[in-house]
Amino acid sequence: MLGEKEGLIIAIILYVLAMFIYIMLFTSKKIEYSKYGSWLIRFGFIFHTIAILNRTVEAGRLPLASQYEFATSFAWAISLSFIVYEWKYKFKTLGIFVTPFILGVTAYAAMQSSEIKPLLPVLQSKWLFFHVSTAIFSYGSFAIACALSTIFIIRERLKNDEFTLKHLPQQEALDQMAYKAISFGFFMLTIVIVTGAIWAERAWGRYWRWDPKETWSFITWIIYAIYLHVRLNKGWKNKKAAIYAIAGFAAVIFTYIGVNTLLSGFHSYL
Amino acid sequence: MKKRSLRKTLVFLRSMKFGIFLLILIMLLSMVGTFIPQGLDEHSYSHEYSEMVTKIIIGLGLDDVYNSKIFGVLFVAFTLNLFLCSTSRFFKIIKKFKGTSSIENIELDSTDKIENKIGYLGSWLLHFGILLVIIFYSYGHITYFTESVYGVPGMIRSINGTEYQVKINDFTIEYDEEGVIKQYISQIDLLDKSQNILKSSYAAVNSPMRYEGYTFYQTAYGWAAECQVLKSGENLVKDIIYEQTSLNVPSENIGIFFNKYYPDDDPMLLYAIHYRGQIVKMNFAPIGETIKWNQYEFKIDNPQMYTYIEVNKMKGQLGAAIGAFIMILGLFIVFKYPINKTINSKEKDSYVR
Ligand code: HEM
């Protein structure tokens, strides 16, 4: 029987292969390769799903309660989003930008302890699961916005490379997609903060106590609120907006990883 | 002239530019609060930072950023900005809905017009919701009350700062099949001044007991035991002693510190006896055994779990919750019916032409 660990290892191998195929696609300028890359990610996703199901059964709950569990679920969600996006938008080169994210997050997971720990009583709350599962979508959307913005910048630099230009979406489309992703991420982040506040109220008696994780999600929220305003009001679009979205993602990463490793707070067991 | 400058000030105060400026400052100050440890005493800062930096930290209130004056002023200014901005936009929205607004709407087809109106309404709701959250949160933050009580079953403890008393009836720890702690549950009665029962309920993790705005949380637990101190066979004091606390006899200048309890097959405890401010003996002892030092005797027995309950009162929670709901609803509408459609379609038109 395929266990969690084996499933995950096979998934990682398939993702790595996919990334190589996508790199080859660009170096040899053969768009047909995208088909293989795409299938490799899909197979990787199947094994990833098996791994997560295994853990769910073993732990008797959804795997969302430790850094390791959050990271594997997060990578899984990115993989799923890729499959949906690629299918919907027929965006054949998307894989080259997404596989590094999937592998980056999985590598982070691999550095964490994968031991199944029983849930501390304070983590046994349905609000916590709302909180964490919405966080996956929020962070995921900001990651997509960051990737799309990176493509925007790259595309601008490669003005003479016809192959790349042909297979990357138009600038305007990239800009709009990034904006949509940020809007959705912002909406989700608002829900993350509100559900987190409700949980904190039930667990500690204060819905907001400025602990570092809370504060950093608030900071991230403000950063993207400013993005939405300057875009609407000052007409910040295209390159400026793309650079802002890439920089803004640093705050997401810090909220997710930096706070746990560099700062201490009530969330440190998560 | 005066009227004009007043008007100019008002326009500035309600501008988005000013709002964003304040948001950036609030954000930066919030960051500072996560990097500088909060709520320590001056001594600890001077230990960690140079004299200059310590002075700045204390002077600006960066040791307690979220309660500092600067933070308060920024929040008040932001609230004012959001209030003025929402108020002025409220009237604009009414005009839009009456259909007497600017020329831009006339150029658009009818579906766009309706969507835009809904979008504006959504945006207004969103900002109004944020305003409510800020106001109710600030109110709750300023009037926040917190206390704690702890004890072993059977005890009645009064809550400082209130007229209530808590009677601890029972404290249990639930385990799952594998022996892992699942839940801590305190069964408590809330009593008034004359010991009438106001409410009898339980407090557990993630499931507090509530009464008239007060919330009772199960936050911690530990070991307590009965402790007796004797001198030449004569009782000096007898009381409950908690882990990490001392039982003292001031008249004799002696006391015993209950360091830790080890509830194994042979239950042991780690203690320290202090005399005239000095530790004179520190050792492990089986529970219930008499510990001797000179003519003094100490007896620690009947270990039991004590429960630690926090009592909080944060006002304005309902208001903040309603604000949050309005905010999310507004956001949903704004992103479903984007406002910038107008700008886009106009831009595109002119571009094509
Ligand atoms: C934490 C604070 C704030 C948040 C989270 C926030 C959020 C938003 C969002 C999400 C939008 C919609 C953007 C879009 O459709 O792409 C928006 C629009 C807008 N915001 Fe804010 N906002 C905040 C503060 C402010 C302040 C202080 C002002 C004014 C001084 C303001 C004025 C506006 C205006 C004028 C619009 C354009 C839409 C309209 O006119 O209805 N916002 N805001």
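Residues numbered from 1 in each chain as written. Chains lettered and ligands numbered in written order. Predicted model: local features only at pLDDT ≥ 70, side-chain atom pairs only at ≥ 80, totals over all residues. Heavy atoms only, no water.

**Details of the domain arrangement of chain A**
One widely used convention gives an interface's size as the accessible area the parts lose upon coming together. All names here are of chain A. Looking at the assigned domains, one finds that chain A contains domain 1 (1-118) and domain 2 (120-270). The distance between the C-alpha centroids of domain 1 and domain 2 comes to 20 Å. Taken together, the contacts link 23 residues of domain 1 with 29 residues of domain 2. Taken over both partners, the interface formed by domain 1 and domain 2 buries close to 2400 Å², and the fraction arising from carbon and sulfur atoms is 81%. At the boundary of domain 1 with domain 2, the tally comes to 0 salt bridges. Inspection of the domain 1/domain 2 interface yields 1 residue pair in polar contact (both at pLDDT 80 or more). (Domains from an automatic or database assignment. Contact = heavy atoms within 4.5 Å. Buried area = accessible area lost by both parts, 1.4 Å probe. Salt bridge = Lys/Arg side-chain N within 4 Å of Asp/Glu carboxyl O. Polar contact = N/O pair within 3.5 Å; in protein donor to acceptor, adjacent residues only side chain to side chain.)

**Considerations on the environment of I257(A)**
Turning to its location among the elements, I257(A) is positioned in helix α9 (residues 238-262). Classification of I257(A) by relative accessible area gives partly exposed; the value is 22%. (Helix = DSSP H or I, 4+ residues; strand = E, 2+ residues; numbered from the N terminus. Buried < 20%, exposed > 50% of the residue type's maximum accessible area, 1.4 Å probe, protein only.)

**Describing the packing of helix α7 (residues 171-204) of chain A against helix α8 (residues 212-233) of chain A**
Residue and element names in this part refer to chain A. The interhelical angle for the contact between α7 and α8, taken along N-to-C directions, is 145°, at an axis separation of 10 Å. The handedness of the crossing between α7 and α8 is left-handed. Here D175, Q176, A178, Y179, I182, S183, F186, L189, T190, I193 and A200 of α7 come into contact with α8, specifically with E214, S217, F218, T220, W221, Y224, A225, Y227, L228 and R231. Looking at the contact of α7 with α8 residue by residue, the classes come out as 13 nonpolar, 5 polar and 3 charged. (Axes fitted to C-alpha atoms, helices over the stretch in contact; angles between N-to-C directions. Left-handed = near helix turned anticlockwise from the far one by under 90°. Nonpolar A, V, L, I, M, F, W, Y, C, P; charged D, E, K, R; others polar.)

**Concerning the sheet that holds strand β10 (residues 254-262) of chain B**
Residues and elements named next belong to chain B. Read across the sheet, 4 strands follow the order β9-β10-β11-β12 without closing on themselves; strand pairing throughout is antiparallel. The strands lining the two open edges of the sheet, one partner per strand, are β9 (245-249) and β12 (278-286). Here the strands of the sheet are splayed against their neighbours by 20° on average, with no regard to which way each runs. Note that β9 and β10 share 5 bridges and pair antiparallel. The residue of β10 that forms the bridge with N248 is G255. (Pairing = 2+ DSSP bridges.)

**Digging into helix α1 (residues 4-28) of chain A**
Residues and elements named next belong to chain A. In this model, α1 (25 residues) spans 36 Å end to end at C-alpha, consistent with the 36 Å of a helix rising 1.5 Å per residue. Those residues of α1 not exposed but buried are E4, G7, L8, A11, L14, Y15, A18, I21, Y22 and L25. Structurally, α1 contributes buried residues whose contacts are with α2 (33-59), α3 (67-89), α4 (94-110) and α6 (162-167). Looking at the residues trailing α1, positive phi occurs at K29, about 55°. (Expected span 1.5 Å × (residues − 1).)

**Points about the packing of aromatic side chains**
All names here are of chain B. Inspection of the entire model under this criterion finds 47 aromatic pairs over all chains. Between Y164 and Y214, the ring centres sit 5.4 Å apart and the planes meet at 85°, which makes this aromatic pair edge-to-face. You can see Y164 sitting in the loop between β2 (156-158) and β3 (165-175) and its partner Y214 sitting in strand β7 (residues 214-231), a full 50 residues away along the chain. Y214 carries the same exposure label as Y164, and that label is buried. (Phe/Tyr/Trp six-rings, centres within 6.5 Å; stacked < 30°, edge-to-face > 60°.)

**Looking at the site of the ligand**
Taken together, 25 residues sit near the ligand, with Y179(A), H229(A), R89(B), S123(B) and H127(B) positioned nearest. Site remark: the ligand is flanked by residues from chains A and B. Measuring from a nitrogen atom of the ligand, one finds a side-chain N or O atom of H229(A) at 2.6 Å. With respect to the ligand, the side chain of R89(B) contributes an N or O atom lying 2.6 Å from an oxygen atom. (Near = heavy atom within 4 Å.)

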